[in-house]
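Architecture and fold: a report
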Amino acid sequence: MHELQITERILDVVLKHAAGQDVSKVVRIHLRIGALSDLEDEWIQHYFDYLSRGTVAENAQLAITRTGAVLNCQSCSCSFEVKREELGRAHCPDCGETGLELVAGREYVIENMEVL
Amino acid sequence: MSDAVRLIEIKEEIHADNQRLAQGLRCQLEEKKTFLLNVMSSPGAGKTRTILKTIDALRDRFRFGVLEADIDSMVDAELIAARGISAVQLRTGGFCHLDAAMVAKGLDALDLDALDVVFIENVGNLVCPAEFDTGAVKNAMILSVPEGDDKPLKYPLMFTVSDVLLVNKIDYLPFSDFNLEAMRERVLRLNPHIEIFEISAKTGQGVEQWAAWLSREASSFIGSASRSSRPRIGKFLDTSRC
């Protein structure tokens with residue numbers, strides 16, 4: 001799907017933060033991606049390998065941490081984490097209600113990077 | 001230069017730039033008093049027909065425009081322009097969704113001073129468009145009966161980011177095992193605030209109720225220029241208000 005566009009953004013941000021920091025090589029990039037993202041980790045890496053050729057980020061490894069979806073119960077206000085496949089079937093573990101709002105699970109955050 | 005590995009903190013959300021641009025667009029729309037509705041669905045769910053039917057129902061109240069996104073064709077824009085409605089075709093050139101920059105470009109081609117309500121007919125796709133804030137004031141999605149009642153389980157994000165769900169082609173219900181109640185329950189477990197309307201863009205059934213919702217939302221946006229509105233796609237990021 002749109003792995004290419006997302007990967008371009010990752011590379012842009014990485015190169016922006018590498019500039020002026022005396023970086024000879026980016027070794028690893030830590031990403032936090034929400035459970036609701038439909039992007040495949042493997043494809044993000046493939047696109048990254050392609051786009052980063054000839055830059056300091058060439059051959060950098062993307063370390064992707066998937067975070068769960070967090071729902072907030074509209075009736076008792078408790079928040080709880082669910083797996084992606086439980087979305088649409090979940091109910092509040094405290095009060096059993098099914099009026100639930102997604103409060104986290106859509107993130108694409110570049111946390112940090114390891115560089116030489 | 002040392003050979004030791006160093007850690008550089010970044011903490012950047014990849015969508016932040018698009019988010020800022022989208023919020024800027026909403027501010028602009030507020031100034032122009034133009035309500036922008038992002039319509040998303042899979043291919044063939046009836047976006048173009050629903051938009052045309054809605055315009056027919058509200059033509060006396062609002063002046064309409066349409067931004068048509070297609071990967072590479074002009075079919076829908078021609079259909080709409082043939083009805084005398086301002087239409088701009090955005091060819092996404094292979095992109096699977098619209099983002100705020102593409103929408104801004106499309107809006108530039110329309111005379112917003114002469115329009116009250118603009119529809120974005122997003123790329124037919126239940127996955128990617130849900131991830132990108134277009135700058136629209138509200139998000140609508142269409143799920144058509146032949147697609148099945150399990151779609152909220154397969155594409156949860158789309159249902160999560162939509163303010164309104166149109167269940168289209170309800171004239172097919174008698175020939176289908178689509179379970180409206182099961183679908184409704186699944187959707188509300190993802191998004192308790194969503195408004196659901198059952199319509200048939202073909203027969204016109206239910207269109208009046210849906211058009212009344214749109215009319216109310218558009219009037220309230222156009223009428224309250226000082227109000228800042230954020231659709232559900234953008235609500236996870238702290239974007240500055242107008």
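See the structure above.
I will try to describe carefully the structure that is included in this document. (Residues numbered from 1 in each chain as written. Chains lettered and ligands numbered in written order. Predicted model: local features only at pLDDT ≥ 70, side-chain atom pairs only at ≥ 80, totals over all residues.)

Observations concerning the overall build of chain A
Secondary structure assignment for chain A yields two helices and six strands. For chain A, the sequential pattern of α-helices and β-strands runs α-β-α-β-β-β-β-β. Computed over C-alpha atoms, the radius of gyration of chain A comes to 18 Å, more than 25% over the 13 Å expected from 2.2 N^0.38 for 116 residues, which places it beyond the range of a compact globule. Once the C-alpha set of chain A is aligned to its principal axes, its extents read approximately 55 × 25 × 15 Å. Looking at chain A residue by residue over its 116 residues, the buried ones come to 32%. (Helix = DSSP H or I, 4+ residues; strand = E, 2+ residues; numbered from the N terminus. Rg over C-alpha atoms; globule rule 2.2 N^0.38 Å. Buried ≥ 20, exposed ≤ 12 C-beta atoms within 10 Å, placed from the backbone.)

Concerning the interface of chain B and chain A
Across the boundary between the two partners, chain B contributes 29 residues, which contact 34 residues of chain A. When contributions to the side of chain B that touches chain A are tallied by element, the ones reaching two or more residues are β1 (6-13), α5 (151-154), α6 (156-161) and α7 (180-190) of chain B. Sorting elements by how many residues they give to the side of chain B that touches chain A places β1 of chain B first, with eight residues. Class assignment for the residues of the side of chain B that touches chain A results in 17 nonpolar, four polar and eight charged. Pairing of strand β6 (residues 108-115) of chain A with β1 of chain B involves six bridges; the strand directions are antiparallel. Directly across from Asn112 of chain A, in β1 of chain B, lies its bridge partner Glu9 of chain B. (Contact = placed C-beta atoms within 7 Å. Nonpolar A, V, L, I, M, F, W, Y, C, P; charged D, E, K, R; others polar. Pairing = 2+ DSSP bridges.)

Points about the nonpolar core
Of all hydrophobic cores here, the largest spans 76 residues; its most connected members are Leu37, Ile120, Met158, Leu165 and Leu166 of chain B. Sequence-distant contacts of Leu165 of chain B, defined by excluding residues within four places in its chain, comprise Met141, Leu143, Phe159, Val187, Ile194 and Ile196 of chain B. Counting 20 residues, the second-largest nonpolar core is a separate cluster that includes Val26, Ile33, Ala60 and Leu62 of chain A. (Core = buried A, V, L, I, M, F, W, Y, C linked by C-beta atoms within 7 Å.)

Some details on unusual backbone geometry
Phi angles above zero are rare outside glycine, and Asp22 of chain A is one such case at about 60 degrees. Looking at the element boundaries, Asp22 of chain A is found in the loop between α1 (3-18) and β1 (26-34). Taking the number of C-beta atoms within 10 Å as the measure of exposure, Asp22 of chain A has 11 and is therefore exposed. Backbone geometry places Lys33 of chain B, a non-glycine residue, at a positive phi of 55 degrees. Looking at where Lys33 of chain B falls in the secondary structure, it is placed in the loop between α1 (16-32) and β2 (35-41). On the basis of neighbour counts, which here come to 16 C-beta atoms within 10 Å, the residue Lys33 of chain B falls in the partly exposed class.

Observations concerning the packing of α1 of chain B against helix α4 (residues 100-108) of chain B
Residues and elements named next belong to chain B. In the contact formed by α1 and α4, the axes pass within 9 Å of each other and the chain directions differ by 30 degrees. Classified by the angle their axes make, α1 and α4 are roughly parallel. Residues Asn18, Leu21, Ala22 and Leu25 of α1 lie in contact with α4, whose contacting residues are Ala100, Ala101, Val103 and Ala104. Of the residues assigned to the contact of α1 with α4, the class counts are seven nonpolar, one polar and no charged. (Axes fitted to C-alpha atoms, helices over the stretch in contact; angles between N-to-C directions. Parallel < 35°, antiparallel > 145°, perpendicular 65-115°, else oblique.)

Topic: the sheet that holds strand β6 (residues 138-144) of chain B
Residue and element names in this part refer to chain B. In spatial order, the strands read β4-β3-β5-β2-β6-β7-β8; together these seven strands make up an open sheet with parallel pairing. Across the chains shown, the open sheet's two edge strands, defined by having one partner strand only, are β4 (86-91) and β8 (195-198). Neighbour-to-neighbour, the strand axes of the sheet open up by a mean angle of 20 degrees, direction not taken into account. Note that strand β3 (residues 64-70) and β4 share six bridges and pair parallel. Residue pairing across strands places Asp70 opposite Arg91, the latter belonging to β4. Of the strands in this sheet, β2, β3, β5 (117-121), β6 and β7 (164-168) touch helix α2 (residues 47-58), which is tilted by about 170 degrees from β5.

Some thoughts on the sheet that holds strand β5 (residues 100-104) of chain A
Residue and element names in this part refer to chain A. A sheet is described by the order of its strands in space; here three strands give the open sequence β4-β3-β5, paired in antiparallel fashion. Looking at which strands have only one partner, the edges of the open sheet turn out to be β4 (79-82) and β5. Each adjacent strand pair in this sheet contributes to an overall mean axis angle of 40 degrees, direction not counted. Pairing analysis gives four bridges linking strand β3 (residues 69-73) to β5, with the strands arranged antiparallel.

Describing the packing of α2 of chain B against helix α8 (residues 207-223) of chain B
All names here are of chain B. It is at 10 Å that the axes of α2 and α8 come closest, and there the two elements cross at 75 degrees. One finds that α2 runs roughly perpendicular with respect to α8. Contact with α2, carried on its side by Lys53, Thr54, Ala57 and Leu58, involves Val207, Glu208, Trp210, Ala211, Leu214 and Ser215 of α8 and no other residues of that element. Classifying every residue of the contact of α2 with α8 by side-chain character gives six nonpolar, two polar and two charged.

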